[in-house]
Amino acid sequence: MPSKPLVVGNWKMNHDYVEALHLTQQIGVVLKNKSREHVEIAVAPPSVDLRSVSSIIESERIPISLAAQHVSMFDNGAHTGEISVAMLKRLGVKSVIVGHSERRSMYGQTDDIVASTAQTAARGGLEVLLCCGENLDARDAGEHFSFVSNQIALALDGFEKKNLELLTIAYEPIWAIGTGRTANSEQVAEMMAHIRLELNSRGMSDTRVLYGGSVTGENAAELLTSGQAGGFLVGGASLKVESFMAIVEAVDDCYAKNR
Ligand code: 13P
């Protein structure tokens, strides 16, 4: 493993700012009682919650970082509804999710837009959590490796070499997202190996590769050890403190043992 595992909670369109504050505080309390030094933790609340979550992280010194779920591919200007990299940075946001399959399929985020957004974010100093992952048709046709290679190649097209260290890849097979149907550890391991080969060929051997898709406290250890994931991008299970911290705990224990 190149570095400590990373666990990111993607809250998607859940939790208003009051609920977001509450959940962040709860995470803080758990971490105060028992620190988790072998894992990095981030949460990605909805944009309107970022200000309050950022304040509570800072004032209560909660050892987690803040991620955004989306950012504009433009720096500023007439882009109604969009949020810029500079605005996120000002709020203390450290990273941003780019190319999530929900934005690709529901909000017209093409490979070109994914590439431009990743470049804009990194140029402005945000870490990029770049999502990739095949749909069920590609998996059933045995085309999952080429599907993912292609997504990565297109996303990195034009990405500045000096910013490569800001990238983390998140492999999220679409058929495993929110379905309760986790990819098994062999499927995850072979895709992790495949993505690492792709990254090595681009001089990115230290880049973290996360897995996402129905991760829980029960399957996290197996996906980390046998699956060789470098951490997780967690959806549903990140919405409650118990289920999110169960994953954090499993990852922390596992990394401490296998290091
Ligand atoms: P679930 O953990 O709910 O399957 O969501 C995964 C995901 O899309 C995280 O970005």
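Up top is the structure.
Residues numbered from 1 in each chain as written. Predicted model: local features only at pLDDT ≥ 70, side-chain atom pairs only at ≥ 80, totals over all residues. Heavy atoms only, no water.

K.L.:
Tell me what's going on with the overall build of the chain, and back it up with residues and numbers.
P.N.:
Tallying secondary structure elements over the chain gives 10 helices and eight strands in all. Its C-alpha radius of gyration of 17 Å places the chain within 12% of the 18 Å reference for a compact globule of 259 residues. Principal-axis analysis of the C-alpha atoms places the extent of the chain at approximately 50 × 45 × 35 Å. Considering the chain as a whole, with its 259 residues, one finds that 52% of them fall into the buried category. A sequence separation of at least 24 residues applies to 75% of the contacts in the chain between residues at least 6 apart. (Helix = DSSP H or I, 4+ residues; strand = E, 2+ residues; numbered from the N terminus. Rg over C-alpha atoms; globule rule 2.2 N^0.38 Å. Buried < 20%, exposed > 50% of the residue type's maximum accessible area, 1.4 Å probe, protein only. Contact = heavy atoms within 4.5 Å.)

K.L.:
Break down the side chain of N163 for me, citing the residues and quoting the values.
P.N.:
Topologically, N163 is positioned in the loop between α7 (144–156) and β6 (167–171). The class of N163 is buried, set by a relative accessible area of 10%. Every residue in contact with N163, bar those within four places of it in the chain, is listed here: A122 and R123.

K.L.:
Requested: an account of the site of the ligand, with residues and values cited.
P.N.:
The environment of the ligand is formed by 13 residues, the closest being K12, H100, G178, S214 and G236. Within the backbone of G178, one N or O atom sits 2.6 Å away from an oxygen atom of the ligand. A distance of 2.8 Å is found between an oxygen atom of the ligand and a backbone nitrogen or oxygen belonging to G236. The fraction of the free accessible surface of the ligand (310 Å²) that becomes covered by protein chains is 95%. (Near = heavy atom within 4 Å. Polar contact = N/O pair within 3.5 Å; in protein donor to acceptor, adjacent residues only side chain to side chain. Areas by Shrake-Rupley, 256 points an atom, 1.4 Å probe, with all protein chains shown as cover.)

K.L.:
Outline the pattern of salt bridges, listing residues and values.
P.N.:
Enumeration over the complete set of coordinates arrives at 12 salt bridges. Of the charged contacts, one joins D253 and R36 as a salt bridge, the two residues approaching to 3.3 Å between their closest N and O atoms. A residue pair is termed long-range when its members are at least 10 positions apart, and D253 in helix α10 (residues 241–258) and R36 in the loop between α1 (17–33) and β2 (40–44) qualify at 217 residues. Here K94 and E127 are joined by a salt bridge, their closest N and O atoms 3.9 Å apart. You can see K94 sitting in the loop between α3 (85–90) and β4 (95–98) and its partner E127 sitting in strand β5 (residues 127–132), a full 33 residues away along the chain. K94 gets classed as partly exposed once you look at its relative accessible area, which sits at 36%. Under the relative-accessibility criterion, E127 is labelled partly exposed at 26%. Among the charged side chains, a network of salt bridges with common partners joins R36, E249, D252 and D253. (Salt bridge = Lys/Arg side-chain N within 4 Å of Asp/Glu carboxyl O.)

K.L.:
Requested: an account of the pairing of strand β3 (residues 65–68), with residues and values cited.
P.N.:
A two-sided burial pattern is seen for β3, the buried positions comprising S65 and A67 on one face and L66 and A68 on the other. Judged from the two bridges that link them, β2 and β3 form a sheet pairing that is parallel. Bridged to A42 within β3 is S65. As for the winding sense of the linkage, the β-α-β connection from β2 through helix α2 (residues 50–59) to β3 is right-handed. By the bridge criterion, two bridges tie β3 to β4 in an arrangement that is parallel. Following the sheet pairing, A67 is matched in β4 by S95. Handedness of the crossover joining β3 and β4 through α3 is recorded here as right-handed. (Pairing = 2+ DSSP bridges. Right-handed = clockwise from strand over helix to strand, strands pointing away.)

K.L.:
So what's going on with the packing of α7 against helix α8 (residues 185–201)? Which residues, and what values?
P.N.:
It is at 10 Å that the axes of α7 and α8 come closest, and there the two elements cross at 40°. Judged by the angle between their axes, α7 and α8 are oblique. You can see that α7 and α8 cross each other, and the crossing is right-handed. Listed contacts from α8 to H144, F145, V148, S149 and I152 of α7 are E190, M191, H194, I195 and E198. Looking at the contact of α7 with α8, its residues break down into five nonpolar, three polar and two charged. (Axes fitted to C-alpha atoms, helices over the stretch in contact; angles between N-to-C directions. Parallel < 35°, antiparallel > 145°, perpendicular 65-115°, else oblique. Left-handed = near helix turned anticlockwise from the far one by under 90°. Nonpolar A, V, L, I, M, F, W, Y, C, P; charged D, E, K, R; others polar.)

K.L.:
Talk me through the sheet that holds β4; I want residue IDs and the actual numbers.
P.N.:
Within the closed barrel, the eight strands sit side by side as β1-β2-β3-β4-β5-β6-β7-β8. Their pairing is parallel. Across the sheet, the mean angle separating the axes of adjacent strands is 25° when strand polarity is ignored. Contacts between α2 and the sheet are confined to β2 and β3, with β3 contributing the most and set at about 170° to the helix.

K.L.:
How would you explain helix α5 (residues 111–123) if you had to name every residue and give the values?
P.N.:
Think of an α-helix as 3.6 residues a turn; residues three or four steps apart then line up on the same face. The end-to-end C-alpha distance of α5, which contains 13 residues, comes to 18 Å, matching closely the 18 Å that a straight helix rising 1.5 Å per residue would cover. Of the residues making up α5, those classed as buried are V114, A115, T117, A118, T120, A121 and A122. G125, located one to two residues past α5, shows a positive phi value of around 95°. (Expected span 1.5 Å × (residues − 1).)

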